[in-house]
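What follows is each chain in one-letter form.
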Amino acid sequence: MSQSEVVTARWRLDWPTSSGTRPAFAALKVCPEDFRVTEYLWPDFEEPQAGDSGAGEHLCVRLEKKGDNTEYVARELSLLAGTKAFEVGFCGLKDRHAVTVQWFSLYRPGMEADDVQLLAAIAQRWPVLAHRRHARKLRRGEHEHNGFELVLRDVAGERVQIDAALALLAERGAPNYFGPQRFGLGGGNLEKAVNLDPTRLNRKRGGRRGSGGSASKNVLYFSAARSWLFNEVLAERVSAGNWFTLLPGEPAEDGYPTGPLWGDGGTHATEEQELLERSVIARSPEFEQLFLSTRMKPERRTLVTRPEQLRWEWVDEKTLRLHFLLPPGQYATTVLGDVYELQDMSLSRDNK
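For clarity, every value in this text was computed on a predicted model and none was experimentally measured.

**Overview of the environment of Glu-76**
Logical step 1: Here Glu-76 shows up in helix α2 (residues 70-81).
Logical step 2: For Glu-76, a relative accessible area of 18% puts it in the buried group.
Logical step 3: The spatial distance from the C-alpha of Glu-76 to the C-alpha of Arg-125 is 9.5 Å, given a sequence separation of 49 residues.
Logical step 4: Ignoring any residue separated from it by four or fewer positions in sequence, one finds Glu-76 in contact with Arg-125 and Trp-126.
Logical step 5: Polar contacts involving the side chain of Glu-76 include one to the side chain of Arg-125, which spans 3.2 Å.

**Notes on the nonpolar core**
Logical step 1: Ranked by size, the top nonpolar core spans 30 residues in total, and within it Phe-183, Leu-190, Trp-228, Phe-287 and Phe-291 carry the most contacts.
Logical step 2: Looking at this core, the elements with two or more residues in it are α5 (188-194), α6 (212-240) and α8 (285-292).
Logical step 3: The element that contributes the greatest number of residues to this core is α6, accounting for ten residues.
Logical step 4: In this structure Leu-190 touches Trp-11, Leu-13, Phe-183, Ala-224, Ala-225, Trp-228 and Phe-287, once residues within four positions along its chain are discounted.

**Comments concerning α8**
Logical step 1: Listed in full, the buried residues belonging to α8 are Phe-287, Leu-290 and Phe-291. Projected down its long axis, α8 carries its buried residues within an arc of 95°, all on one side. Turned more than 90 degrees away from the buried face of α8 sit Pro-285 and Leu-292, all of them exposed.

**Describing the packing of aromatic side chains**
Logical step 1: The final tally for this structure, using the stated rule, is 14 aromatic pairs.
Logical step 2: Taking 5.3 Å as the distance between ring centres and 15° as the angle between the ring planes, the aromatic pair formed by Trp-11 and Phe-287 counts as stacked. Taken together, the residues span a long stretch of sequence, with Trp-11 in the segment before β1 (24-28) and Phe-287 in helix α8 at a distance of 276 residues. In this pair, the class of Trp-11 matches that of Phe-287, namely buried.
Logical step 3: Ring centres of Phe-35 and Phe-148 lie 6.2 Å apart, and the angle between their planes is 80°; on these two criteria the pair is classed as edge-to-face. With Phe-35 in strand β2 (residues 35-40) and Phe-148 in strand β7 (residues 145-156), this residue pair connects regions lying 113 residues apart in the sequence. Grouping residues by exposure puts Phe-35 and Phe-148 together as buried.
Logical step 4: If you follow Arg-132 out to its NZ or CZ, it ends over the ring of Phe-45, 5.0 Å from the centre.
Logical step 5: Lying over the aromatic face of Phe-178, Arg-301 brings its terminal NZ or CZ to 3.8 Å of the ring centre.

**Thoughts on the sheet that holds strand β11 (residues 299-302)**
Logical step 1: Read across the sheet, three strands follow the order β9-β10-β11 without closing on themselves; strand pairing throughout is antiparallel. If you trace the sheet from one side to the other, it starts and ends with β9 (252-253) and β11, each paired once.
Logical step 2: Two strands pair when backbone bridges link them, and β9 and strand β10 (residues 256-261) are joined in this way by two bridges, in the antiparallel orientation. Across the sheet, Ala-252 pairs through a bridge with Pro-257, a residue of β10.
Logical step 3: Of the strands in this sheet, β10 and β11 touch helix α7 (residues 271-281), which is tilted by about 40° from β10.

**Quick look at the pattern of salt bridges**
Logical step 1: Enumeration according to the criterion identifies 20 salt bridges in this entry.
Logical step 2: For Glu-33, the salt bridge is made with Lys-66, and the minimal N-O distance between the two is 2.8 Å. Separated by 33 residues along the polypeptide, Glu-33 in the loop between β1 and β2 and Lys-66 in strand β3 (residues 58-66) bring together distant segments of the chain.
Logical step 3: Taking the relative accessible area as the measure of exposure, Glu-33 reaches 30% and is therefore partly exposed.
Logical step 4: Where Glu-250 meets Arg-237, a salt bridge forms, and the shortest distance between an N and an O atom there is 3.0 Å.

**Observations regarding the confidence of the model for the protein chain**
Logical step 1: When pLDDT is averaged along the protein chain, the result is 88, and 89% of the positions lie at 70 or above.
Logical step 2: Long-range and interchain partners of residues 1-8, a stretch whose pLDDT sits below 50, account for 19 contacts in this model, where long-range means more than four residues apart.
Logical step 3: Long-range and interchain partners of residues 202-211, a stretch whose pLDDT sits below 50, account for ten contacts in this model, where long-range means more than four residues apart.

**Some remarks on the side chain of Glu-39**
Logical step 1: In this fold, Glu-39 is placed in strand β2.
Logical step 2: Since its relative accessible area comes to 0%, Glu-39 is described here as buried.
Logical step 3: Reaching out from Glu-39, the side chain makes a polar contact with the side chain of Lys-94 at a distance of 2.8 Å.
Logical step 4: For Glu-39, the contacting residues outside a window of four places in its chain are Glu-46, Arg-62, Cys-91, Gly-92, Lys-94, Val-101, Gln-102, Trp-103, His-143, His-145 and Asn-146.

**Here we look at the environment of Phe-148**
Logical step 1: Given the relative accessible area of 10%, Phe-148 is considered buried.
Logical step 2: Here the alpha-carbon distance between Phe-148 and Pro-307, two residues 159 residues apart in the chain, equals 9.9 Å.

Definitions and limits used
Residues numbered from 1 in each chain as written. Predicted model: local features only at pLDDT ≥ 70, side-chain atom pairs only at ≥ 80, totals over all residues. Heavy atoms only, no water. Helix = DSSP H or I, 4+ residues; strand = E, 2+ residues; numbered from the N terminus. Buried < 20%, exposed > 50% of the residue type's maximum accessible area, 1.4 Å probe, protein only. Contact = heavy atoms within 4.5 Å. Polar contact = N/O pair within 3.5 Å; in protein donor to acceptor, adjacent residues only side chain to side chain. Core = buried A, V, L, I, M, F, W, Y, C linked by side-chain atoms within 4.5 Å. Arc of directions from axis to C-beta. Phe/Tyr/Trp six-rings, centres within 6.5 Å; stacked < 30°, edge-to-face > 60°. Lys NZ or Arg CZ within 6 Å of the ring centre and 35° of its normal. Pairing = 2+ DSSP bridges. Axes fitted to C-alpha atoms, helices over the stretch in contact; angles between N-to-C directions. Salt bridge = Lys/Arg side-chain N within 4 Å of Asp/Glu carboxyl O. pLDDT = per-residue confidence, 0-100.

Listed below in structure tokens is the structure:
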């Protein structure tokens, strides 16, 4: 299914590109090895410094996985370790249609003597690339960045135009849209958000114990609604050609313009930018009512994503390999989608 096909009558799920067009077509995730992601934590964790005792209540393991998503691996690790599900920590969710490397933390106080046996059991399921003890649990969004090595196949387009578009991407970046996976198949998570009872929202991690599954789903649907409205505001800015320029009344983040993650009270923007953001949400009264009924604080997200250390090489006439780094919460498919009309081949495997 290509990006242009991912559209429903109710929800727009494909937004304008920075140049107004995509100069090339490419097939993504033909096999898991074509989409490699390595998660990097803070430097002192990855390479412990002198004086770091390597002690702590949490056993941390760095795993390589293929065909399993992060939450599934976390559940399986909790069973292997004999811990509660919420005692397993990780920093980011990784796709199952990929080869991914990431850290997990397991709460095992006073059980250091059993680590060797547990590590051997884990290694029967996934390669254990590294392990260490640490004083605290890994939490979502704490990693420094994700490293991507991607292979695009069946590339169609003029190589000169593709190289020029990639050079511009490296220099200026791309609109920082949330990826379509955020919204569920055909916008299903948005439909759930419309029918969400705001009183059932629970952002406390403790709510995951027991009946926490329902609370987590509600937060997922609410987050999808926030993300979709952010994309709609960003699309307005892209169409106007000012998505990389600060507007009057717009809060900045590291010098970049930002868009709203809507919440109680609406937005932190003022003046021209506030008028724009409120006009966009007014087009979706069902979401406007949802946000009026929640105590979720408004936040901001940068409108620009700039892949660091972007480089690429042509393997042959129709195959391109790319390498780059992205901060947490930014999407490789969004970066590539500014240049390529992508056909995600993993979707066909999901439907089998």
